[in-house]
Amino acid sequence: AQSVTQLDSQVPVFEEAPVELRCNYSSSVSVYLFWYVQYPNQGLQLLLKYLSGSTLVKGINGFEAEFNKSQTSFHLRKPSVHISDTAEYFCAVRLNNAGNMLTFGGGTRLMVKP
Amino acid sequence: EAGVTQSPTHLIKTRGQQVTLRCSPISGHTSVYWYQQALGLGLQFLLWYDEGEERNRGNFPPRFSGRQFPNYSSELNVNALELEDSALYLCASSFIFGFSGNTIYFGEGSWLTVV
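These figures come from a predicted structure and were not determined experimentally.

What counts, and where the lines are drawn
- Residues numbered from 1 in each chain as written.
- Chains lettered and ligands numbered in written order.
- Predicted model: local features only at pLDDT ≥ 70, side-chain atom pairs only at ≥ 80, totals over all residues.
- Heavy atoms only, no water.
- Helix = DSSP H or I, 4+ residues; strand = E, 2+ residues; numbered from the N terminus.
- Rg over C-alpha atoms; globule rule 2.2 N^0.38 Å.
- Buried < 20%, exposed > 50% of the residue type's maximum accessible area, 1.4 Å probe, protein only.
- Contact = heavy atoms within 4.5 Å.
- Disulfide = S-S within 2.5 Å.
- Phe/Tyr/Trp six-rings, centres within 6.5 Å; stacked < 30°, edge-to-face > 60°.
- Salt bridge = Lys/Arg side-chain N within 4 Å of Asp/Glu carboxyl O.
- Pairing = 2+ DSSP bridges.
- Axes fitted to C-alpha atoms, helices over the stretch in contact; angles between N-to-C directions.
- Core = buried A, V, L, I, M, F, W, Y, C linked by side-chain atoms within 4.5 Å.

## Focus: the overall build of chain B
- Scanning chain B for helices and strands turns up zero helices and eleven strands.
- In chain B, the succession of helices and strands from N to C terminus is β-β-β-β-β-β-β-β-β-β-β.
- In terms of C-alpha radius of gyration, chain B reaches 13 Å, essentially the compact-globule figure of 13 Å for 115 residues.
- Taken over the C-alpha atoms alone, chain B extends approximately 40 × 30 × 25 Å along its principal axes.
- Out of the 115 residues belonging to chain B, those deemed buried represent 51%.
- Long-range pairs, those at least 24 residues apart, make up 54% of the contacts in chain B with a sequence separation of at least 6.

Put into structure tokens, the structure is as follows:
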């Protein structure tokens, strides 16, 4: 079975500062990796995903993530955050086989302060 | 193109009652997933339907059930509601079962409060 750990439940950061949200996973088979964002009182929106190829993945809103197979990590980064980035961020994995559901981490609340 | 739509958006039920939540997937998507997001418990997988069949089920009691219709829309039913069922119920959809890289798209959710 696969599992996802988001190491920080909350990350406070000042506007225009860089941020990294950490995600580690465990799985006995290869996986696909995803980051979703949930703005207050809304559903989840896909930020980016890693399927194969380049380990650096660029997503929407200036976010990027790097897949590190040896460390089983998929950390999310943004060089300069905005107030509007305040949201809950979820890392998720999906087994690399014929169709399967997403397994989510516990989420990280990013709080951007002016 | 319309996204995943869910109804109702908010509802309040009394403990012991039954509730039905509805979901319409994105056009062309055959897989529908249900997740529960309770306060402090993160996103818990409930059910996955594809082509009208239940493909997988999370660790929830049998009073949580659902179905998928021929038009791929889906219902989630919860019987004998308990206070801890209060949560945001998220429906999601994706293209045909067979490629796990397909993006799963989420709806806005149905907020259920049990009193």
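After presenting the structure, the write-up continues.
## Considering the state of the cysteines
All names here are of chain B.
- Scanning the model with the defined rule gives two disulfides over all chains in all.
- With its sulfur 1.8 Å from that of its partner, C23 forms a disulfide with C91. Looking along the S-S bond of the C23-C91 disulfide, the torsion reads about -70°, which is the left-handed sense. Of the two residues, C23 is situated in strand 3 (residues 19-24) and C91 in strand 9 (residues 87-94); the sequence distance between them amounts to 68 residues. Taken as a pair, C23 and C91 share a single burial class, namely buried.

## Quick word on the packing of aromatic side chains
- In this structure the tally under the stated criterion is 13 aromatic pairs over all chains.
- An aromatic cluster of at least three residues, connected via ring pairs, comprises A:F34, A:Y36, A:F90, A:F104, B:Y35, B:F45 and B:F106.

## Observations regarding unusual backbone geometry
Residue and element names in this part refer to chain B.
- Looking along the chain, the bond that leaves S7 and enters P8 is cis, with omega of -10°.
- Following the sequence through the fold, P8 ends up in the loop between strand 1 (5-7) and strand 2 (10-13).
- Here Y72, not a glycine, exhibits a phi torsion of approximately 75°, which is positive.
- When you line up the elements, Y72 lands in the loop between strand 7 (64-68) and strand 8 (74-78).

## Focus on the pattern of salt bridges
All names here are of chain A.
- Across all of its chains, the model carries eleven salt bridges over all chains by this definition.
- Linking K78 and D85 is a salt bridge whose minimum nitrogen-to-oxygen distance equals 2.8 Å.
- Judged by relative accessible area, which is 3%, D85 ranks as buried.
- Of the charged contacts in the structure, one is a salt bridge between R109 and E88, with a shortest N-O distance of 3.0 Å. Of this pair, R109 sits in strand 12 (residues 108-113) while E88 sits in strand 10 (residues 87-95), and the two are 21 residues apart along the sequence.

## Quick word on the sheet that holds strand 8 of chain B
Residues and elements named next belong to chain B.
- One open sheet accounts for four strands, arranged 1-3-8-7; its pairing is antiparallel. Each edge of the open sheet carries a strand with a single partner, namely strand 1 and strand 7. Strand-to-strand twist across the sheet, computed as the mean angle between neighbouring axes with direction ignored, equals 15°.

## What about the nonpolar core?
All names here are of chain A.
- Among the nonpolar cores identified, the biggest contains 29 residues, and W35, L48, L76 and Y89 are the most heavily contacted of them.
- Sorting the residues of this core by element identifies strand 2 (10-14), strand 3 (19-21), strand 5 (31-38), strand 6 (44-50), strand 8 (64-68), strand 9 (73-78), strand 10 and strand 12 as the ones contributing at least two each.
- No other element matches the five residues that strand 10 contributes to this core.
- Residues within four places of L76 in sequence aside, it is in contact with V19, E20, L21, W35, L47, L48, F63, E64, A65 and Y89.

## Observations regarding the pairing of strand 4 (residues 31-38) of chain B
All names here are of chain B.
- Where burial is concerned, most of strand 4 is hidden: eight out of the eight residues are buried.
- As judged from the eight bridges shared by strand 4 and strand 5 (residues 42-50), these two strands associate in the antiparallel manner. By the bridge assignment for strand 5, S31 is matched with D50.
- Direction of pairing for strand 4 relative to strand 9: antiparallel, over a ladder of seven bridges. Across the sheet, Y35 pairs through a bridge with L90, a residue of strand 9.

By themselves, these observations are geometric and do not establish any function.
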